[in-house]
Amino acid sequence: MCQVHVSIYRDSGDVGSVNRRKMHRLLFLFICITSGTYAEQASQQLINKNVERTIDLTSQLVKITSTITLENTGKETVRTFLVALEPETVGNLSYISVKDSLKEDLKFIPTKIENQIEAYTVQFKQALAPGRTATLSLETIFTKGLVPYPNSITQKEKQLVRYFGNHYFYTPYLTTKQTTTVTLSSRSVESYTKLKPVTQSDSTITYGPYNDVAPLTQDRLILHYENNSPFLTVTRLERLIEISHWGNIAVEENVEILHTGAKLKGSFSRYDYQRDTSSSHHSIKSYRTILPAAAYNIYYRDSNGNISTSQVRTRKDWIELELRPRFPLFGGWRSSYTLGYSVPSYQYLFRKSSSEYVLNMRLLDHVFDDMHVEELETSVVLPVGVSNVQITTPFDVERLADGVTYKYLDHLGRSVIRLKKTNLVEQHIQDLEIVYHWKSLLLLHEPILLALALYVLFIFVIIYVRLDFSIHKPEHSKKE
């Protein structure tokens, strides 16, 4: 699907709106098909005049940034170009973005080129005239791209990983000149492939420049180096957002984490662990979570109860929360916890008209630096009596079946919007927009129910006190 905002509507009986949505889908499909066909023709007259690629391997993620200078060598104007993915990396791609020289995002759609290679058709902001050049920035982030080698180590050993890549920029166009710079987390390098020209300086390896590289050229790049950065993966994240028009939005996250680095070999020694004061260690003692600046009533607990080893630091634009699990995490070890807080609703909930409201809140929030979330499920609990719900997401998500939940004094139930997404990174921290209609008179719903409950209680007490349900007469009546 196209990399644009996707709107999700609740089904209704409005035939006109349904027909409009069908027309939009058909138009969208037509644009996708024609764009892909045109890109096949345009690839014959485009070349990569220069490519400067940077591969960041300092964390558990593989971050590749490429600055591409495209040149139109043909006689026709070009409106789109192709970005190809290496077949070995398709399943690990988590995030991709393409920007022009003005740092503006370009729209793109998935397509396939020769030999069924996965690619994206990217549309220029302005068509590229014959003989002209355009400079673009391509950013891709891959998960599970670093493999621990060896896959199990002792408590005192350093963690070594291997990276398998490509010496050349994988593209369907001829590349006149290209250079690749690899940044590592340590200067301790066991081995690396040496496709000349290549140079190493501390924790940086530079490949190239390479000239006149044919399209779709592959040459295996292998790096084996020390990487003790946290290999922490969120296997499942359940994020619950509860909206209240009384001025509060409650957020709760149930997080399951796994250390996906080299597994611990042998037994764990607490004595040796406390004596080890080195900062570069493959175990995870603590990590930092970022919360909104207005967050309050923060709590952090697991299945055993509250965890008191967390620290809250107030910054200018956010709240920094240092989370320390009950035990250090080694490779293969798991943990789970619950983090919750509240924020004022006026910062995220806005009123468009007398009965229309807009919620702008993050679909995913910061868990830790360079995070990888395998599965996310975000649930939004709407107020009682909402209607005409419209959802706009910053990227494609799977909408699960809506649910109903009951809170205090609820007899009608509250609608729950449930969204799901897999393979996320920090770049996916973007706002979710929900528009719904809600009458302000419903604000009195709970106070009226509470008043009625108290009224019934008082009537029952009065009846119980005033009436006599005994079956015998009192003694003073017999004396008379």
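Cut-offs applied
Residues numbered from 1 in each chain as written. Predicted model: local features only at pLDDT ≥ 70, side-chain atom pairs only at ≥ 80, totals over all residues. Heavy atoms only, no water. Helix = DSSP H or I, 4+ residues; strand = E, 2+ residues; numbered from the N terminus. Buried < 20%, exposed > 50% of the residue type's maximum accessible area, 1.4 Å probe, protein only. Contact = heavy atoms within 4.5 Å. Polar contact = N/O pair within 3.5 Å; in protein donor to acceptor, adjacent residues only side chain to side chain. Pairing = 2+ DSSP bridges. Axes fitted to C-alpha atoms, helices over the stretch in contact; angles between N-to-C directions. Salt bridge = Lys/Arg side-chain N within 4 Å of Asp/Glu carboxyl O. Phe/Tyr/Trp six-rings, centres within 6.5 Å; stacked < 30°, edge-to-face > 60°.

## Re the environment of N248
Here is step 1: Turning to its location among the elements, N248 is positioned in strand 18 (residues 248–259).
Here is step 2: Judged by its relative accessible area of 24%, N248 is partly exposed.
Here is step 3: For the pair N248 and Y348, spaced 100 residues apart in the sequence, the C-alpha separation amounts to 9.9 Å.
Here is step 4: Setting aside its immediate chain neighbours within four residues, N248 contacts E242, I243, Y296, S342, V343 and S345.
Here is step 5: Among the polar contacts listed, one links the side chain of N248 to the side chain of Y296, at a separation of 2.7 Å.

## Description of the sheet that holds strand 15 (residues 204–213)
Here is step 1: With mixed pairing, the seven strands of this open sheet are ordered in space as 5-8-3-2-12-15-14. On the outer flanks of this sheet lie strand 5 (93–99) and strand 14 (198–201), each paired with one strand and no other. Across this sheet, the average inter-strand angle for adjacent strands is 15°, counted without regard to direction.
Here is step 2: Relative to strand 15, strand 14 runs antiparallel, the two sharing four bridges.

## Here we look at the pattern of salt bridges
Here is step 1: With the rule as written, the count across this model stands at 22 salt bridges.
Here is step 2: For E375, the salt bridge goes to R236, with nearest N and O atoms at 2.6 Å. In this pair, E375 sits in strand 28 (residues 372–381) while R236 sits in strand 17 (residues 232–244), placing the two residues 139 residues apart along the sequence.
Here is step 3: Of the residues examined, E375 reaches a relative accessible area of 22% and is grouped as partly exposed.
Here is step 4: Here R236 falls in the buried class, since its relative accessible area comes to 19%.
Here is step 5: Ionic pairing is found between E242 and R414, a salt bridge with its closest N-O pair at 3.7 Å. Of this pair, E242 sits in strand 17 while R414 sits in strand 32 (residues 414–425), placing them 172 residues apart in sequence.

## Some points on the side chain of H282
Here is step 1: The residue H282 is located in the loop between helix 2 (270–275) and strand 20 (287–292) in this model.
Here is step 2: When its relative accessible area of 1% is taken as the criterion, H282 is described as buried.
Here is step 3: From its side chain, H282 meets the backbone oxygen of Q155 in a polar contact 3.5 Å long.

## What to know about the pairing of strand 15
Here is step 1: Sheet topology note: the strand 12 (residues 174–184)/strand 15 ladder contains seven bridges and is antiparallel. From the neighbouring strand, T181 faces strand 15, where its bridge partner is T206.
Here is step 2: With antiparallel pairing between neighbouring strands as the criterion, strand 14 and strand 15 make up a hairpin whose turn holds two residues, including D202 at a positive phi of roughly 55°.

## Thoughts on the environment of Y173
Here is step 1: Note on placement: Y173 falls in the loop between strand 11 (160–166) and strand 12.
Here is step 2: Residue Y173 is classed as buried on the basis of its relative accessible area, which comes to 1%.
Here is step 3: Each C-alpha atom, one on Y173 and one on L46, is 6.5 Å from the other, the two residues being 127 residues apart in sequence.
Here is step 4: Separated by 2.7 Å, the side chain of Y173 and the backbone nitrogen of L82 make a polar contact.

## A closer look at the pairing of strand 16 (residues 220–226)
Here is step 1: Here strand 16 lies mainly inside the structure; five of its seven residues are buried.
Here is step 2: Relative to strand 16, strand 13 (residues 189–192) runs antiparallel, the two being bridged by three bridges. Residue pairing across strands places V189 opposite Y225, the latter belonging to strand 16.

## A closer look at the packing of aromatic side chains
Here is step 1: Under the defined criterion, the tally for this structure stands at 13 aromatic pairs.
Here is step 2: Between the aromatic rings of F81 and F124, the centroid separation amounts to 4.9 Å while the plane-to-plane angle is 40°, which identifies the pairing as tilted. Of this pair, F81 sits in strand 4 (residues 78–84) while F124 sits in strand 7 (residues 117–128), and the two are 43 residues apart along the sequence.
Here is step 3: Using a relative accessible area of 8% as the deciding quantity, one classes F124 as buried.
Here is step 4: Ring geometry for F268 against F330: centres 5.4 Å apart, planes inclined by 55°, an arrangement best described as tilted. Residue F268 is found in the loop between strand 19 (263–264) and helix 2, and its partner F330 is found in the loop between strand 24 (318–323) and strand 25 (334–344); the two are separated by 62 residues along the sequence.
Here is step 5: An aromatic cluster is built from F268, F327, F330 and W333, whose rings are joined through pairwise contacts.

## Topic: the environment of Q44
Here is step 1: Looking at where Q44 falls in the secondary structure, it is placed in the loop between helix 1 (15–42) and strand 2 (46–57).
Here is step 2: By relative accessible area, Q44 is classed as exposed at 72%.
Here is step 3: Taking the C-alpha atoms as reference, Q44 lies 9.0 Å from T73; in sequence the two are 29 residues apart.

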